[in-house]
Amino acid sequence: MSAAQLYTKYTRVWIPDPDEVWRSAEIIKDYKEGDKSLQLKLEDETLYEYPIDPPGSELPFLRNPDILVGQNDLTGLSYLHEPAVLHNLKVRFLESNHIYTYCGIVLVAINPFEQLPIYGQDVIYAYSGQNMGDMDPHIFAVAEEAYRQMARDEKNQSIIVSGESGAGKTVSAKYAMRFFATVGGSASETNIEAKVLASSPIMEAFGNAKTTRNDNSSRFGKYIQIGFDKRYHIIGANMRTYLLEKSRVVFQAEDERNYHIFYQLCASSSLPEFKDLGLTCAEDFFYTSQGGDMSIDGVDDADDFEKTRHAFTLLGVKESHQMTIFRIIAAILHLGNLKIQGERDGEVCSVSSEDEHLSSFCSLLGVEHSQMQHWLCHRKLVTTAETYVKSMSLHQVVNARNALAKLIYAQLFNWIVQHVNQALHTTVKQHSFIGVLDIYGFETFEVNSFEQFCINYANEKLQQQFNSHVFKLEQEEYMKEEIPWTLIDFYDNQPCIDLIEAKLGILDLLDEECKMPKGTDQNWAQKLYDRHSASQHFQKPRMSNTSFIVLHFADKVEYQSEGFLEKNRDTVYEEQINILKASQYQMVADLFQEDKDAVPATPGAKRTPRINVRSAKPAFKAANKEHRKTVGHQFRNSLQLLMETLNATSPHYVRCIKPNDEKIPFKFDPKRAVQQLRACGVLETIRISAAGFPSRWSYPDFFNRYSVLMNKRDLSKSDMKQICQTLLKDLIKDPDKFQFGRTKIFFRAGQVAYLEKLRADKFRAATIMIQKTVRGWLQRARYQRLRRATLALQRHTRGHLARRLFQHLRRTRAAIILQKQYRMLRMRRAFLRVRSATLTIQAFARGMFVRRIYHQMLMEHKATILQKYARGWLVRARLRRARAAAVVLQSHWRRLRARRQLQALRIEARSAQHLKKLNIGMENKVVQLQRKVDEQNKENKLLNEQLSMLTSAHSSEVEKLKKELQQYQQTQQGDGKQLLSLQEEMEQLRMELERAHSEREVLEDSHGKERDLLRKRICDLEEENALLKQEKEELNSRILCQSEDEFARNTVEENMQMKKELEEERSRYQNLVKEYASLEQRYDNLRDEITIFKQQTPGHRRNPSNQSSLESDSNNPSICTSEIGDTEDVIQQVEEIGMEKAAMDMTLFLKLQKRVRELELERKKLQAQLEKKEQESKKSQVNEIKTEVTSEHEDFAYNSLKRQELESENKKLKNDLNELRKAIADHATQNNSSNDVQDGYNLLLNQLKLANEELEVRKEEVLILRSQIMKAAQQKETGKNMESISPNASWPNSDRHVDQEDAIEAYQGMCETNRKTEDWGYLNEDGELGLAYQGLKQVARLLEAQLQDQRREHEEEMEALKNQVDLMQEELEKQQQAFLQTLQLSPEVQVEFGLQQEITRLTNENLDLKELLEKLEKNEKKLKKQLKIYMKKVQDFEASQTKVPVERRSHERSMQVAVQRKEKDFQGMLEYYKEDEPLLIRNLITDLKPQAVSATVPCLPAYILYMCIRHADYINDDQKVHSLLTSTINGVKKVLKKHQDDFEMTSFWLANTCRLLHCLKQYSGEECFMTQNTAKQNEHCLKNFDLTEYRQVLGHLSIQIYQQLINIAEGILQPMIVSAVLENESIQGLSIVKLVGYRKYSSNAGDSSYSLDEMIRQLNTFHSIMCDQGLDPEIIQQVFKQLFYMINAIALNNLLLRKDVCSWSTGMQLRFNISQLEEWLHGKNLQQSGAAQTLEPLIQAAQLLQLKKKTSEDAEAICSLCTSLTTQQIVKILNLYTPVNEFEERVTVAFIRNIQKQLQERNDPPQLLLDFKHMFPVLFPFNPSAITMDSIHLPASLNLDFLNKV
């Protein structure tokens, strides 16, 4: 293609510019062959004439089309040259803020000088597993490529990071390390990375320093080697260092610093542990003050020193070693401050023995002071004959001192590197490794010395390796595509390397000169001139004889030879080293010991993947006088070792660029960038690529892109390859400009741009044609609109004129009519005015005359009336005076009486008010007192009746005694005196009875008065209470009315907040469950590995999950038999469960708090009672003594009777029990049938229970009746002494309500039955009447004591009631105060206070109800416990009766199955024997396939397991329940572990686990789960056991299965998402192929591509499997919500990291694909699942790609639309947006800044990408089953014949 065809009008080119390096211009005139200049127009519209001399020889570089600008890969550009590369990097860096760009195999990284959010864990996961060309350029992409090649090719890899100081090499290496630690982490996760990061502060402190270009410049190179095992998990790391800049220890240039550690130690010298170091500020030391500037902006040296010490501790460096390190650093500083005194013109020198710095140096290093003083200024010369000691000159002493300081620091640095490697070392065998090389880039300064020479020499070697690798890759690509290979001429820097390292090269000559005794830098330079003056890479400066120039690959560098020899020698005298070896500090001595075990590396080492790693500076070796190996020789050896390592690995290149020297974020300096691009080899890569065929297209992509240039005849062909070949032959005439490969078309540089130009011309012509046609159509349409508008205007105008004329005529006629009517009206009104005036005058005149006559008559009449009233007034006045006097008298009298009445009322009101105050809050107590009064009245009535009966009995007894007395008088006259005494006693008894009657009347009167008073108080309190209630209701209603709306709003907000907190808590809880499952899985894996490692024989071992479940079962028994409810039990429960767990139970906390309050009140009451008891103790002692005798007598009688009855009943029960046992044994021997024995036993057992119950009742009745009858008989015998009995006395055990007459009759009948009847007439024999009298006295005392006890109890009750009244009064006062305070508050605070009070009240009520519920549960558990005991007795009896041989068991099974064959008898329970449990688990869980039960009831295994559990509950076997549930859980875990990738199996057991959990809830007996049960289902509930804790364990297992199900589904869907959602072309012809570079074409061609239909089919498979297996619909919805969130997250993350998919066509395609997914959700009735809402960010991203992006209105629309996207995501998509053709404009920087300004108020999260591993908390709602247990059929395929239906 000729230049005339390329350099045409409107073509843009690049021209050189002194400021911007390259500048863009546009050709304004076609170029013709022979023109001497090119007419250009610059971007600022100025004209410029570009000279071409000679003509056609140096035409400017052509500029790429705008569509190619901003490419991810520079090799994708059509024109590959320096300005195109520079412009592409500048556009990406400044406009899109992309710091990474590919350049073939090189990743170019530009330092942004600020932290970017593109290095998080989410970004690492996004790049993990992706091809290198699929994502945007990133350091993670390079790391992933290295990791994948290591795993795929099983070859070691290297990542070479280079660049000048401040370009970001160390940061890039650190991020690569982080990627490897995250992706390749094993059990230790990121421990290796953590240790490497811990070593960073140490290496920076000892190896970094401030330079003029970088505040934290690394002054050494390092190669970090990360080791991997066979599973490609990180196992260890190693570090190798290169060329530490030792000269910086003793010299720093202006504005530079020494190594950071010196300044850090000086900044921390004030610490107590560093007082002995003798340090001050850094300005006081020579080695730290030469640069002038001692500080760095924004850096705190003291704080950095603490980080360094902490890092030492993390790496395991002992405190003693740390202090020794700091002593060595301080010693170096003191060494620099030695004062060297010169003598004899500097030929002889000495150091004063009193020099404090020398003393500090020797004491810190532990060396001898005198020897160090001597050998610092002297040296030893050894000859064959003798040894001389010679003094050194001042210059030699200074050099020797500096050399010693450098040696000490270098040895210390090597020691630190060695210990870092020891911390990172591992004993596990290394399988492969990835090395990260962080090494200095090419350097050139105004003054270049030995260090720059070594650095540039290393870069020459690396560039040679880089060039050969690039050339090799190009050759492999051509050979793969079968393209004829022609030798590409690329720059080979081997001559330059030979100049440096070959025999008699620069390094050889330098070493040779160093061996000369009188060698100088000038002599060495002269030898270089003589030897290499003919070399093309060596030059001699014109104006200098001590400098030389080397032409490196990057630039021409002039080196100053001064100092080369000294730095290369690095001379340290043997005497000084020997002194250091003899140090008293072992660590100092070890630094200078010879390394005898060092073995040089050999080429054979590459047989093993592990390479011997050692420091680039080997351990020190001393010769007789000085070191044998020079620094140059050592560096050449270490560099050779590095090159061998790199050549044995697959290299990956990262080139770091420093965009400006001011360190300003996102500022691009073209001069500095071009300089670094030339130095790092990027432009060389471009040149090699451009020399061949840099542009490469696959046949389908080329066809899709350039099919517009083809004609219809070519498009009709079926062979795409043939069509492309035909098109290219027609368009490009030169066949050398392209080549056809097997799968791709290769183009020379510029050909793609030419094709783009033809395509653009074709589009431009088509556009012009479309525009012409559209514009003609628009003009015709406009003319027709104008014509129609003109005709319409004319028509409307004519009509308007006609309407105006008609209106004029109409108005004229109307005006004439109005004039006529107006004139008539005006004349009529004038006539009527005159007539009216005349009539008015006549009327007024006539009225005047009539009024005059009337007034005269009226005056006469009034005079008469006045006289009459005057006379009457005089009479009434006299009457009023008399009446007023009478009224005055009456008023005085009435006032006197009123005052008297007022005083009486005041007295009464005062007493009533006082009574009212005293009785506030006693209304409840008054009711109780009223009730007590009623009870006492009843008791009084009962006592009156008893008294009447006793009186009648007494009278009858008196009559009887009188008759007997007469008989005695007749028979015995000598008994008269006795009769008199008896009469006197009777009189006394009568007097006592009368006294008792009088006391009773007094008590009744006082009782009546108190009752009236209490009734009055009750009335007053009720009235006051009613008033208070009314006021309270009014206030409550007012408050509620004011705060109803606000309360409702607050309630809604609180509900939303509580729901959110509940979701967060559920999420945290399920994350804990997930972490527990992962830890359990890891434990299982480790245990298996240990088992395999130990090679033990397989045996039965308990699973850790078994152990954990068993331990949890033992700690938290599922069958609750303990009684919890009291405070002591609660405290015991807290101690058993643990304080941490109990602290989290708020209910338990509130319960304890309430119990503490109750105990406090009870303590106060007891204290008050104790004080009262102490006061009354003296009074009660006498009463206690009296009552003890009576109570003991009564208790003794009762206990003796009870003991006799119990003994007799015990004997009877023993006899009955023996008889029953004999009868059962006889019956059992006669009948062997177990059923008959069972029936007989049950019958006898029921009879025994009934007999026992009846016996207990009868026994209690007999005891009560006997005690009461005996006392009643004694009272009847001694009725004479009953007058002293109090009417308040009561019968013992009166609560039994036994009638006294019935008791006496029963006692008499019992006496007759026992044949112990006695005649009451015989009581007088043997003086028994006196004994009866004494007994009556005792009874009277007993009754009196009881009366006193009742009085005392009554008083105590009254006192307690008064205390309660006081408490209620205090509480009422508190409530009133709180109420008054509440009224003073604002309405909002009132509402809040009211809510708090209500919450407190409800909490207390809730606690009371809980206590009541716990008591009820305790009673229920007691009953269950008793039932359990009875059931165990039954089981023991069954076991004793059903002991049969083992061989008969099968026969019995068959018999049982035969008996229970009828379905009507099936109770929904399955019985199995304990030894069959493993078989049940194996057949039903372990070996079960989902297909085996696909045709049965869904979740059949869950129903079968529940029926087995129900039978174990039925027989009350807790061990069986525990064993079955534990085995079930462990079996399910084992199945899931075995099928970790089987979606169907996981879904199957998730459904069954949930169903088993639902069954345990549905049939638990809890009312909240039984609302939907039928009566039949309620019969299937569990009876004995509470399996709440097992439900919790099953809930945890369900969460683990759900998470495993999600992980399986995500693993299946994840490879499909990007291809199906982002790349799939569902709308044919919409997507446009975009230009790509080397990376895209080097990706794996065999990667599978998925369509959206395939992904939807996979979703259908998931849905059908879960539905067929009976999984709950709510869980299915949550599964798809999680999956769609993952689809959204992965697709959006890829969109945010891929520039090639951020276009308008991709947005349209993406929106269509999302609509397909939404339709699928609608078709599966999953709209309510929330899955569609999770796609909202992806939908908004698609809309963002389709929206206009130009004006501020567009920015507002974007901000209002993209609410689900963060600001970073919106800006990232706008930066990535790429036009698909040249007719579409890019998004401007100003528009993006406008978007950022409008979105700056958002509080978005900082991360850029979505966490696709985020998992929503799962909720398992209760879903009861309608299936009854007795309707389930067991299929024969399950092999469960050993299960028996019950």
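Residues numbered from 1 in each chain as written. Predicted model: local features only at pLDDT ≥ 70, side-chain atom pairs only at ≥ 80, totals over all residues. Heavy atoms only, no water.

### Considerations on the overall build of the chain
Logical step 1: Along the chain, the regular secondary structure elements total 52 helices and 26 strands.
Logical step 2: By residue count, 42% of the 1846 residues in the chain fall in the buried class.
Logical step 3: Within the chain, counting contacts between residues at least 6 apart in sequence, those at least 24 apart form 74% of the total. (Helix = DSSP H or I, 4+ residues; strand = E, 2+ residues; numbered from the N terminus. Buried < 20%, exposed > 50% of the residue type's maximum accessible area, 1.4 Å probe, protein only. Contact = heavy atoms within 4.5 Å.)

### Focus: the packing of helix α23 (residues 699-706) against helix α25 (residues 720-731)
Logical step 1: Put simply, α23 and α25 touch, their axes get as near as 10 Å, and they point 55 degrees apart. The pairing of α23 with α25 is recorded here as oblique in orientation. Crossing of α23 over α25 shows left-handed handedness. Note on element contacts: α25 touches α23 through M720, K721, I723, C724, Q725, L727 and L728, opposite Y699, P700, F702, F703 and Y706.
Logical step 2: Looking at the contact of α23 with α25, its residues break down into 10 nonpolar, 1 polar and 1 charged. (Axes fitted to C-alpha atoms, helices over the stretch in contact; angles between N-to-C directions. Parallel < 35°, antiparallel > 145°, perpendicular 65-115°, else oblique. Left-handed = near helix turned anticlockwise from the far one by under 90°. Nonpolar A, V, L, I, M, F, W, Y, C, P; charged D, E, K, R; others polar.)

### What about the sheet that holds strand β12 (residues 234-242)?
Logical step 1: The 7 strands lie next to each other as β6-β7-β21-β8-β17-β11-β12, forming an open sheet whose pairing is mixed. Each edge of the open sheet is held by one strand with a lone partner, namely β6 (100-103) and β12. If you compare each strand with its neighbour and ignore which way they point, the axes differ by 20 degrees on average.
Logical step 2: The pairing of strand β11 (residues 221-228) with β12 spans 8 bridges and is antiparallel. The residue bridging I224 from the neighbouring strand is M239, located in β12. (Pairing = 2+ DSSP bridges.)

### With respect to the pattern of salt bridges
Logical step 1: All told, the structure shown has 28 salt bridges when counted by the stated rule.
Logical step 2: Between D661 and R672 there is a salt bridge, with its nearest N and O atoms 2.9 Å apart. Here D661 is found in the loop between β21 (650-657) and α21 (670-680), whereas its partner R672 is found in helix α21, with 11 residues between them in sequence.
Logical step 3: For D661, a relative accessible area of 37% translates into the label partly exposed.
Logical step 4: Across the pair R764 and D761 runs a salt bridge, and its minimum N-O distance is 2.9 Å. One end of the pair is R764 and the other is D761, both in helix α26 (residues 751-918) and 3 residues apart, which spans about a single turn.
Logical step 5: Looking at D761, the relative accessible area reads 31%, which means it is partly exposed.
Logical step 6: Salt bridges sharing common partners tie together R219, E245, R248 and E256. (Salt bridge = Lys/Arg side-chain N within 4 Å of Asp/Glu carboxyl O.)

### With respect to the nonpolar core
Logical step 1: With 325 residues, the main nonpolar core has F180 and F206 as its most contacted residues.
Logical step 2: Top contributing element to this core by residue count: helix α43 (residues 1588-1623), with 17 residues.
Logical step 3: Every residue in contact with F206, bar those within four places of it in the chain, is listed here: Y259, I261, F312, I325, I329, Y409, L412, F413 and I416.
Logical step 4: Counting 18 residues, the second largest nonpolar core, distinct from the first, contains Y699, F703, Y706 and L755. (Core = buried A, V, L, I, M, F, W, Y, C linked by side-chain atoms within 4.5 Å.)

### Quick word on helix α5 (residues 169-183)
Logical step 1: Under the 1.5 Å per step criterion, the end-to-end length of α5 is 21 Å for 15 residues, consistent within 8% with the ideal 21 Å.
Logical step 2: K169, S172, A173, Y175, A176, M177, F179, F180, A181 and T182 are the residues of α5 that are buried. (Expected span 1.5 Å × (residues − 1).)

### A word on the sheet that holds strand β5 (residues 61-62)
Logical step 1: Here we have 5 strands laid out as an open sheet, ordered β4-β3-β2-β1-β5, and antiparallel in their pairing. With partners counted over all chains shown, the strands left at the sheet margins are β4 (47-51) and β5, one partner each.
Logical step 2: In terms of strand pairing, strand β2 (residues 21-27) meets strand β3 (residues 37-42) through 3 bridges, oriented antiparallel. Considered in β3, the bridge of E26 is made with K41.

### So, a positive patch on the surface
Logical step 1: A cluster of like positive charges, contributed by R876, R878, R880, R881 and R883, occupies part of the molecular surface.
Logical step 2: Take R881: it is sitting in helix α26. (Patch = residues over 30% accessible without salt bridge, like charges linked within 9 Å, V, L, I, M, F, W, Y side chains within 5 Å. Areas by Shrake-Rupley, 256 points an atom, 1.4 Å probe, with all protein chains shown as cover. Lys, Arg positive; Asp, Glu negative; His and termini not counted. Charge placed at Lys NZ, Arg CZ, Asp CG, Glu CD.)

### What to know about the pairing of β12
Strand residues, when the strand is regular, have side chains that alternate between the two faces of the sheet.
Logical step 1: By the criterion of burial, β12 is predominantly enclosed, with 9 of the 9 residues buried.
Logical step 2: Here β11 folds back onto β12 in antiparallel fashion, the turn holding 5 residues, of which Y232 has a positive phi close to 60 degrees.

### Things to note about a nonpolar patch on the surface
Logical step 1: A surface patch of nonpolar side chains, about 410 Å² in accessible area, is lined by I770, V774, W777 and L778.
Logical step 2: With respect to the element layout, V774 can be found in helix α26.
Logical step 3: A relative accessible area of 40% means that V774 is categorised as partly exposed.

### Thoughts on unusual backbone geometry
Logical step 1: The phi angle at N97 is positive, at roughly 55 degrees, despite the residue not being glycine.
Logical step 2: Within the secondary structure layout, N97 lies in the loop between α2 (82-94) and β6.
Logical step 3: Taking relative accessible area as the criterion, N97 reaches 28% and is therefore assigned partly exposed.
Logical step 4: Even without a glycine there, the phi angle at K663 is positive, about 60 degrees.
Logical step 5: What makes K663 partly exposed here is its relative accessible area of 29%.

### Concerning the packing of helix α40 (residues 1518-1538) against helix α41 (residues 1543-1562)
Logical step 1: Close contact between α40 and α41 brings their axes to 10 Å; oriented N to C, the two are set at 165 degrees. Taken together, the axis directions place α40 and α41 in an arrangement best described as roughly antiparallel. You can see that α40 and α41 cross each other, and the crossing is left-handed. Taking contact as the criterion, the partners of T1528, V1532, V1535 and L1536 in α40 are, on α41, M1545, T1546, W1549, T1553 and L1556.
Logical step 2: Of the residues assigned to the contact of α40 with α41, the class counts are 6 nonpolar, 3 polar and no charged.

### Regarding the packing of aromatic side chains
Logical step 1: One pass over the full model with this rule turns up 42 aromatic pairs.
Logical step 2: Here F538 and F548 contribute two aromatic rings whose centre-to-centre distance is 5.9 Å and whose plane-to-plane angle is 15 degrees, an arrangement assigned as stacked. Of the two residues, F538 sits in strand β18 (residues 538-539) while F548 sits in strand β19 (residues 547-551), which places them 10 residues apart along the sequence. Side by side, F538 and F548 carry an identical accessibility label, which is buried.
Logical step 3: An aromatic cluster is defined as three or more aromatic residues linked by ring pairs; in this entry it consists of F450, F453, W524, Y529, F538, F548, Y559 and F564. (Phe/Tyr/Trp six-rings, centres within 6.5 Å; stacked < 30°, edge-to-face > 60°.)

### Let's talk about the side chain of R1591
Logical step 1: Topologically, R1591 is positioned in helix α43.
Logical step 2: Using a relative accessible area of 10% as the deciding quantity, one classes R1591 as buried.
Logical step 3: Excluding anything up to four places from it in sequence, R1591 contacts L1557, L1560, K1561, S1564, E1566 and F1569.

### Remarks on a negative patch on the surface
Logical step 1: Taken together, E1359, D1366, E1370 and E1373 make up a surface patch of like negative charges.
Logical step 2: Overall, the relative accessible area of 45% leaves E1370 in the partly exposed class.

### With respect to the confidence of the model for the chain
Logical step 1: Summary statistics for the chain give a mean pLDDT of 77 and a share of 76% for residues scoring 70 or more.
Logical step 2: Across the chain, helix α7 (residues 260-267) holds the top mean pLDDT of 93, while helix α37 (residues 1449-1459) sits lowest at 35.
Logical step 3: Across residues 1095-1147, confidence stays below pLDDT 50; counting only partners more than four residues off in sequence or on other chains, it has 58 contacts.
Logical step 4: Across residues 1306-1328, confidence stays below pLDDT 50; counting only partners more than four residues off in sequence or on other chains, it has 19 contacts. (pLDDT = per-residue confidence, 0-100.)

### Thoughts on α2
Logical step 1: Compared with an ideal rise of 1.5 Å per residue, which puts 13 residues at 18 Å, α2 spans 18 Å between its outermost C-alpha atoms and is within 8% of the ideal.
Logical step 2: Within α2, 11 of the 13 residues are buried, which leaves it mostly tucked inside the rest of the structure.
Logical step 3: For α2, the full list of buried residues reads E82, P83, A84, V85, L86, H87, N88, L89, V91, R92 and F93.

### Focus on the state of the cysteines
Logical step 1: Per the stated rule, a full pass over the model turns up 0 disulfides.
Logical step 2: Cysteine C266 is unpaired, with the sulfur of C281 as its nearest cysteine sulfur at 7.6 Å. (Disulfide = S-S within 2.5 Å.)

### Topic: the environment of Q5
Logical step 1: If you trace the backbone, Q5 turns up in helix α1 (residues 3-6).
Logical step 2: In this structure Q5 comes out as partly exposed when scored by relative accessible area, which is 46%.
Logical step 3: Between the C-alpha atom of Q5 and that of Y31, which follows or precedes it by 26 residues, the distance is 8.5 Å.

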